[in-house]
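Architecture and fold: a report
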Amino acid sequence: MPYLLTNATLATMEPASTPFGLVEDGAVAVADGRIAWCGPRTGLPPQFSGLGAVDLGGRLVTPGLIDCHTHVVFGGDRAREFELRLEGASYEQIAREGGGIVSTVLATRAAGETNLLSEALTRVDPMIAEGVTTLEIKSGYGLSIADEIKMLRVARQIGRARSIRVITSYLAAHAVPPEYEGRADDYLDEVVLPGLDAAFAEGLVDAVDGFCEGIAFSPEQIERVFSRAETLGLPIKLHAEQLSNLGGAALAARYKGLSADHLEYLDVEGVEAMAKTGTVAVLLPGAFYTLRETQVPPVQALRDAGVPIVVATDCNPGSSPLNSLLLALNMACTLFQLTPEEALAGVTRNAARALGLADAGIIRSGCRADLAVWAVSRPAELAYRIGANPLYRRIHAGVLLS
């Protein structure tokens, strides 16, 4: 039934208005899973005045949070690598010696869909409990056609098992599996490209991703994947400039990519290329922190060029075992010097852009009624607190949840 949220402070995240798009003493009318109207309570149109009201007691309402870069479906763990890094081993060294992504591949291949789903839900549930209403999930730990499809099927099951919107990304171009060592191009020919066709035919793919790095794939190899995605009409995104600068962000921009992610080693040319095509910058402070990186992404250059900045958890077993988007907000402000408003935009309005969603990430008439209600007095508190979860209620597709 339609209803009205009243006595609320709205952080609409509308750009170019008040900070955070703030509306004091606001109201939101919800009908058919969407926002029918929002604004100051005094401006409520007569047709909504008779709706059943939910009094929020002056609490803050934001768009539901969006985690637009995760790897939550995987088998096993990599706690031993955490120890090795503390002993001085680098991420690249661990990967070249058979650890890293490849170790997770072996565990993921050995796990069935039921186990993968059960384990993934233990990571997703805390995200939901922090107000996340949309979640991107990548494949990339199967590295065979059957196992990549298995991961994507599990990702779709998460969206059915929980009240959360799931967007999938095909990431078979994540690493070269052991059986193809030294034969990356053969792996692309025999697994990545035909696997993409098969997953697309099954309706499992919303976007295509890759890892453009010295320990993964060259720009020329990634371009082959992007070309196939373009043929299928799928948007692309890219892990780029995390460990070095190979020009991956500029490559993503040439394909009008939704996003380029990580970006610690992004240069001016990459920033300019992204600005021209509207490719957004996804910053992943969890990986920066875990790998003890010292090269900070060029945040000021991105600001100056008008490139939208996004924040995500990068939840994965190796480089970012983080499943708290609220903590990622604090880390983005503390480590990258984002403002609290930039950080919140990075998990709402701009995160929606990173997924190609026009109906989420903002409180606006016509958008999905994906909302989070917080027991805080001002939006900056969401980035300010460490280890706190002030979520009061979560609303997914118009459904009021506890």
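Residues numbered from 1 in each chain as written. Predicted model: local features only at pLDDT ≥ 70, side-chain atom pairs only at ≥ 80, totals over all residues. Heavy atoms only, no water.

Another point: the UniProt feature "binding site: N-formimidoyl-L-glutamate" (unreviewed entry) in the chain. The UniProt record annotates "binding site: N-formimidoyl-L-glutamate" (unreviewed entry) at Tyr-141, Asn-316 and Gly-318. Sequence-wise these annotated residues cover 178 residues; spatially they are packed, their C-alpha atoms never more than 11.7 Å apart. Within the secondary structure layout, Tyr-141 lies in the loop between strand S7 (132-138) and helix H5 (145-161). What makes Tyr-141 buried here is its relative accessible area of 2%. With respect to the element layout, Asn-316 can be found in the loop between strand S13 (309-311) and helix H12 (325-336). Relative accessible area serves as the criterion here: at 4%, Asn-316 is assigned to the buried category. Setting aside residues no more than four positions away along its own chain, Asn-316 makes contact with His-71, Phe-74, Tyr-141 and Pro-321. At 2.8 Å, the side chain of Asn-316 and the backbone nitrogen of Gly-318 are in polar contact. (UniProt positions renumbered as here; feature names shortened; annotations may be inferred. Helix = DSSP H or I, 4+ residues; strand = E, 2+ residues; numbered from the N terminus. Buried < 20%, exposed > 50% of the residue type's maximum accessible area, 1.4 Å probe, protein only. Contact = heavy atoms within 4.5 Å. Polar contact = N/O pair within 3.5 Å; in protein donor to acceptor, adjacent residues only side chain to side chain.)

What follows concerns the nonpolar core. Val-73, Ile-158 and Trp-374 are the most contacted members of the largest nonpolar core, which totals 100 residues. Discounting residues that sit within four places of it in the chain, Val-73 has contacts with Leu-116, Ala-120, Ile-137, Tyr-141, Met-151, Val-154, Ala-155 and Ile-158. In this structure, Val-23, Ile-35, Ile-363 and Val-373 belong to the second largest nonpolar core, which totals 18 residues. (Core = buried A, V, L, I, M, F, W, Y, C linked by side-chain atoms within 4.5 Å.)

Moving on, we get to the packing of helix H4 (residues 113-129) against H5. Contact geometry for H4 and H5: axes closest at 10 Å, N-to-C directions at 55 degrees. Classified by the angle between their axes, H4 and H5 sit oblique to one another. Note on packing geometry: the crossing formed by H4 with H5 is right-handed. Contact residues: Glu-113, Leu-116, Leu-117, Ala-120, Leu-121 and Val-124 in H4; Lys-150, Arg-153, Val-154, Gln-157, Ile-158 and Ala-161 in H5. For the contact of H4 with H5, the per-class residue count stands at 8 nonpolar, 1 polar and 3 charged. (Axes fitted to C-alpha atoms, helices over the stretch in contact; angles between N-to-C directions. Parallel < 35°, antiparallel > 145°, perpendicular 65-115°, else oblique. Left-handed = near helix turned anticlockwise from the far one by under 90°. Nonpolar A, V, L, I, M, F, W, Y, C, P; charged D, E, K, R; others polar.)

Looking now at the UniProt feature "domain: Amidohydrolase-related" (unreviewed entry) in the chain. Mapped onto this numbering, the UniProt entry annotates "domain: Amidohydrolase-related" (unreviewed entry) at residues 60-376. Within residues 60-376, the helical portion is 46% and the strand portion 15%, while the C-alpha atoms at the span's ends are 6 Å from each other.

For the structure on display, the rule yields 5 aromatic pairs. Look at Phe-74 and Tyr-141: their rings are 6.3 Å apart centre to centre, the planes differ by 80 degrees, and that puts the pair in the edge-to-face class. Of this pair, Phe-74 sits in the loop between strand S6 (65-67) and helix H1 (79-86) while Tyr-141 sits in the loop between S7 and H5, and the two are 67 residues apart along the sequence. Centroid distance Phe-288 to Phe-336: 5.0 Å. Interplanar angle 80 degrees. Geometry classified as edge-to-face. One end of the pair, Phe-288, is in helix H10 (residues 285-290); the other, Phe-336, is in helix H12, and 48 residues separate them in sequence. Judged by relative accessible area, Phe-288 falls into the buried class, the value being 7%. Members of the aromatic cluster, joined through ring pairs, are Tyr-180, Tyr-187 and Phe-217. For Arg-59, the ring lying beneath its charged end belongs to Tyr-392, and the centroid distance is 3.7 Å. The side chain of Arg-123 reaches across the aromatic face of Phe-74, ending 3.5 Å from its centre. (Phe/Tyr/Trp six-rings, centres within 6.5 Å; stacked < 30°, edge-to-face > 60°. Lys NZ or Arg CZ within 6 Å of the ring centre and 35° of its normal.)

Taking 1.5 Å per residue as the helical rise, helix H6 (residues 184-201) with its 18 residues ought to reach 26 Å, and the 24 Å between its terminal C-alpha atoms agrees with that figure. The largest bend in H6 amounts to roughly 25 degrees and is located at Gly-195. Looking only at H6, the buried set comprises Ala-184, Tyr-187, Leu-188, Val-191, Val-192, Leu-193, Gly-195, Leu-196 and Ala-199. Contacts made by the buried residues of H6 are with H5, strand S8 (165-173), strand S9 (207-212) and helix H7 (219-232). (Expected span 1.5 Å × (residues − 1). Bend = angle between axes of the 7 residues up to and from the residue.)

You can see Gln-221 is positioned in helix H7. With relative accessibility at 14%, the residue Gln-221 sits in the buried group. Among the polar contacts made by the side chain of Gln-221, one reaches the main-chain amide nitrogen of Ser-218 at a distance of 3.0 Å. In this structure, Gln-221 is in contact with Ala-184, Asp-185, Leu-188 and Ala-216, ignoring residues within four places of it in sequence.

Here Ser-244 shows up in the loop between strand S10 (237-240) and helix H8 (248-254). When its relative accessible area of 24% is taken as the criterion, Ser-244 is described as partly exposed. Between the C-alpha atom of Ser-244 and that of Cys-212, which follows or precedes it by 32 residues, the distance is 9.5 Å. In contact with Ser-244, other than residues within four places in its own chain, are Glu-213 and Tyr-265.

Here we take up unusual backbone geometry. You will see that Asp-32, though not glycine, has its phi angle at about 55 degrees, which is positive. Here Asp-32 is to be found in the loop between strand S2 (22-31) and strand S3 (34-40). Given a relative accessible area of 80%, Asp-32 falls into the exposed group. For His-262, which is not a glycine, the phi torsion comes out positive at approximately 90 degrees. Examined against the element boundaries, His-262 turns out to sit in strand S11 (residues 259-262). Residue His-262 is classed as buried on the basis of its relative accessible area of 2%.

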